[in-house]
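Examining the three-dimensional arrangement
If you want the building blocks of each chain, they are given just below.
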Amino acid sequence: MDHSEIVFGILGNAFHCPVMGEFEYLENALITVDTAGRIQAVLRPEEYQSSGIVQALEGQGRLQRLTASQYLIPGLIDLHNHAPQWPQMGKGLDLPLYDWLSNYTFPLEAKYQDLEFARQVYGDLVQSTLSSGTTSAVYFSSLHLEPSLVLAETCLDKGQRAFVGKVCMDDPDQCPDYYRQSAQQSLYETETFNHAVAGMKGNQGLVSSVVTPRFIPSCTEGLLKELGQFATANDCYVQTHCSESDWARDYSQQKYGETDISVYERTGLLGRKTLLAHSIFLTNQDILIIKDRGAGIAHCPLSNMCFANAAMTTRELLDQGVHCGLGSDVAASVTPSMLRSCFDAVTHSRVREEGTSTHRPAGERGESNTRISLVESFWMATAGGGQSLDQNIGLFKAGFGFDAVVVDAAVPDCDLTIWPGMDSPADILEKIISTTSRHNVTRVWVQGRQVIDKKTAG
Ligand SMILES: [Zn+2]
């Protein structure tokens, strides 16, 4: 075997989900990483034991051995995160959406023209998301060009795979005067941002720009069409909100007599590289169109519990093979942790299945057979996110980017406890999903580059 292409190898126990709804436990696996930061091979003991590769890498100081308490999982993928709302996290989640946006979000997002403030917040955000195991993040930035570039540069500098969008809002009926641009300015800044991100020094595809109409109520039809044309002509990523609430769904019906999906399709904004946050109120026809175009959905469970007016149809979307991952939707969340989003996706689906009203008989309370499993939610935060982004990430597979997280159950004072002899691999993975906190995340790599290394005692 030729070892010259290998930069380093990791030997230990790993979990991933090559098939939706199933997990694979790779016990004592050797994962080797090449010069481009891709996985060169994933070898089981019977495949590497007689080759001498472990001894060769160890002799050259290029082998990292995990301890028995450490588990490698694929890097976590956050498909929906509002970067400028980071200082808002934890505030006002008992308010209706309109009040939350008007009282907190728009005034805060407008502050980012102060670039020093932008640097300070975005530095802290990207460090915190990486430290929580988020190796890929899809960010809404704010309305303006320069602070959006600060976010893109911060992600590149800290080594996070990122998809960053300058937000577009031009409709005077729905956007505050102090936080709105003309359609012409929105398009110009989108084009400039796209060009600048592609040209950032050292950016070899780690950070991508995303065409970002905020949602249908914030944009005129003219701007949606211009952005759709630009995205199509330049093969850009697109992100937006889709049918998040009764109000958003009704707005499109009243203004256009159409669903959000119909408007996005008609304006050229719906394609393989489109990410649709939420997508609560989808018609059957909407789902067929999303599937046909290959667009991805970012399910944001905690946010939906606060603002969506209804539960997400996650079960049906997964069963129909629609591309679907998870988003934190910071700051409509209280943590950037994608493992927390996994757990919230499960509880969200369980509440949907059981229903809520004690005034109804049990059989009429919920929607039967709509729960999802912990393993399905973990698939969504890893392989499902990679599929939604059309990127080779989220699995331990040759040719995929080495985006990985070490979860260590032996850090002191934590909730993740593994009981030898009592916990099967399935139990261990469920415990990792349900009880990992940030200080259990001790090492993180993105595209083969180690970006987090916590020297933990004990
Ligand atoms: Zn959002």
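Residues numbered from 1 in each chain as written. Predicted model: local features only at pLDDT ≥ 70, side-chain atom pairs only at ≥ 80, totals over all residues. Heavy atoms only, no water.

As recorded in an unreviewed UniProt entry, the protein chain goes by Guanine deaminase and comes from Parendozoicomonas haliclonae. Recorded under Catalytic activity (unreviewed entry), the UniProt text for the protein chain is reproduced unchanged: "guanine + H2O + H(+) = xanthine + NH4(+)". As its UniProt record puts it under Sequence similarities (unreviewed entry), the protein chain is described as follows: "Belongs to the metallo-dependent hydrolases superfamily. ATZ/TRZ family." (UniProt positions renumbered as here; feature names shortened; annotations may be inferred.)

Relative to the 22 Å expected for 16 residues at 1.5 Å per residue, helix α14 (residues 374-389) spans 22 Å between its end C-alpha atoms, a close match to the ideal helical length. Taking the largest bend as the criterion, α14 deviates by roughly 45°, centred on Met380. In terms of burial, α14 is a largely internal element, 15 of the 16 residues being buried. Positioned one or two residues after α14, Asp390 has a phi angle of 55°, which is positive. (Helix = DSSP H or I, 4+ residues; strand = E, 2+ residues; numbered from the N terminus. Expected span 1.5 Å × (residues − 1). Bend = angle between axes of the 7 residues up to and from the residue. Buried < 20%, exposed > 50% of the residue type's maximum accessible area, 1.4 Å probe, protein only.)

This part covers the pairing of strand β13 (residues 296-299). Along β13, one buried face is formed by Gly296 and Ala298 and the opposite face, lined by Ile297 and His299, is buried too. Where strand β12 (residues 274-278) meets β13, 3 bridges bridge the pair, whose relative direction is parallel. Across the sheet, Leu275 pairs through a bridge with Gly296, a residue of β13. What joins β12 to β13 is helix α10 (residues 284-293), and the crossover it makes is right-handed. Across 4 bridges, β13 lies against strand β14 (residues 323-326) in parallel orientation. Its bridge partner lying in β14, Gly296 is registered against His323. (Pairing = 2+ DSSP bridges. Right-handed = clockwise from strand over helix to strand, strands pointing away.)

Once that is clear, we can look at the nonpolar core. By size, the foremost hydrophobic cluster in this structure holds 127 residues, and its most contacted members are Leu72, Tyr122, Tyr139, Val207, Phe396 and Phe402. No fewer than three residues from each of domain 1 (6-74 + 394-453) and domain 2 (76-389) sit in this core. With near-sequence residues (within four places) excluded, Val207 lies in contact with Ala152, Cys155, Leu156, Gln160, Ala162, Val164, Val197 and Met200. (Core = buried A, V, L, I, M, F, W, Y, C linked by side-chain atoms within 4.5 Å. Domains from an automatic or database assignment. Contact = heavy atoms within 4.5 Å.)

A separate point is the coordination of the zinc ion. Coordination angles at a metal have ideal targets, namely 109.5 degrees for four tetrahedral donors and 90 or 180 degrees for six octahedral donors. Those protein atoms acting as donors to the zinc ion are His80 (NE2), His82 (NE2), His241 (NE2) and Asp329 (OD), and they sit at 2.1 to 2.7 Å. In this structure, the zinc ion is coordinated by 4 donor atoms arranged in irregular fashion, with angles at the metal of 82 to 174°. For the zinc ion, the donor residues sit on a single chain with the sequence spacing H-x1-H-x158-H-x87-D. Of this pair, His241 sits in strand β11 (residues 237-242) while Asp329 sits in the loop between β14 and α13 (338-354), placing them 88 residues apart in sequence. Per residue, the accessibility class of His241 equals that of Asp329, and both read buried. (Donors = N, O, S within 2.8 Å, 3.2 Å for Na, K, Ca; no water. Tetrahedral: all angles 85-135°; square planar, octahedral: opposite > 155°, others 65-115°.)

By the definition in use, this model includes 13 aromatic pairs. With a centroid separation of 5.2 Å and 15° between ring planes, the pair formed by Tyr112 and Tyr122 is classed as stacked. Placement of the pair is Tyr112 in the loop between α3 (97-109) and α4 (115-131) and Tyr122 in helix α4, with a sequence separation of 10 residues. These aromatic residues form a ring-pair network of at least three members: Phe15, Phe23, Tyr25 and Tyr71. For the cation-ring pair, Arg249 lies above Phe281, with the distance from its terminal atom to the ring centre recorded as 4.6 Å. The ring centre of Tyr237 lies 4.7 Å from the NZ or CZ of Lys273, which sits over that ring. (Phe/Tyr/Trp six-rings, centres within 6.5 Å; stacked < 30°, edge-to-face > 60°. Lys NZ or Arg CZ within 6 Å of the ring centre and 35° of its normal.)

The subject of this paragraph is the packing of helix α6 (residues 183-198) against helix α7 (residues 221-234). α7 packs onto α6 with a crossing angle of 20° between their chain directions and a minimal axis gap of 10 Å. Classified by the interaxial angle, the pair formed by α6 and α7 is roughly parallel. Judged by the sense of rotation from one axis to the other, the crossing of α6 with α7 is right-handed. Two secondary-structure elements touch here, α6 through Ala183, Ser186, Leu187, Thr190, Glu191 and Asn194 and α7 through Leu223, Glu226, Leu227 and Phe230. (Axes fitted to C-alpha atoms, helices over the stretch in contact; angles between N-to-C directions. Parallel < 35°, antiparallel > 145°, perpendicular 65-115°, else oblique. Left-handed = near helix turned anticlockwise from the far one by under 90°.)

Those residues of helix α8 (residues 246-256) that fall on the buried side of the exposure criterion are Ala248, Tyr251, Ser252 and Tyr256. Angular distribution of buried residues about the axis of α8 spans 95°; they occupy a single face of the element. The inward-facing, buried residues of α8 abut α7 and α9 (260-266). In the segment just after α8, Gly257 is the residue with positive phi, at about 70°. (Arc of directions from axis to C-beta.)

Below, the discussion takes up the packing of α13 against α14. Close contact between α13 and α14 brings their axes to 9 Å; oriented N to C, the two are set at 135°. Taken together, the axes of α13 and α14 are oblique relative to one another. Taken as a pair, α13 and α14 cross one another with a handedness that is right-handed. Between α13 and α14, the contacting residues are Leu339, Cys342, Phe343, Ala345 and Val346 on the first element and Leu374, Ser377, Phe378 and Ala381 on the second. Counted by class, the contact of α13 with α14 contains 8 nonpolar, 1 polar and no charged residues. (Nonpolar A, V, L, I, M, F, W, Y, C, P; charged D, E, K, R; others polar.)

This part covers the domain arrangement of the protein chain. For the protein chain, the assigned domains are domain 1 (6-74 + 394-453) and domain 2 (76-389). One C-alpha centre belongs to domain 1, the other to domain 2; they are set 29 Å apart. Residue-level contacts link 29 residues of domain 1 with 31 residues of domain 2. Taken over both partners, the interface formed by domain 1 and domain 2 buries close to 2,400 Å², and the fraction arising from carbon and sulfur atoms is 68%. The largest share of the area that domain 1 buries against domain 2 comes from Met20, Ile433 and Arg438, three residues that together contribute 29% of it. Taken together, domain 1 and domain 2 are joined by 1 salt bridge. The residue Asp403 makes a salt bridge to Arg161 at a minimum N-O spacing of 2.9 Å. Seen at the junction of domain 1 and domain 2, the total is 6 residue pairs in polar contact (both at pLDDT 80 or more). Listed by contribution, the elements that provide at least two residues to the side of domain 1 that touches domain 2 are β5 (70-74), β15 (404-408), α15 (425-435), β16 (441-446) and β17 (449-453). (Buried area = accessible area lost by both parts, 1.4 Å probe. Salt bridge = Lys/Arg side-chain N within 4 Å of Asp/Glu carboxyl O. Polar contact = N/O pair within 3.5 Å; in protein donor to acceptor, adjacent residues only side chain to side chain.)

So, on to unusual backbone geometry. Here the bond from Val330 into Ala331 is cis, since omega is 10°, no more than 30 degrees from zero. When you line up the elements, Ala331 lands in the loop between β14 and α13. Positive phi values are uncommon outside glycine, yet His278 reaches one of about 75°. Within the secondary structure, His278 is located in strand β12. A positive phi angle, close to 60°, is found at Asp413, a residue other than glycine. Turning to its location among the elements, Asp413 is positioned in the loop between β15 and α15. Classification of Asp413 as exposed rests on a relative accessible area of 76%.

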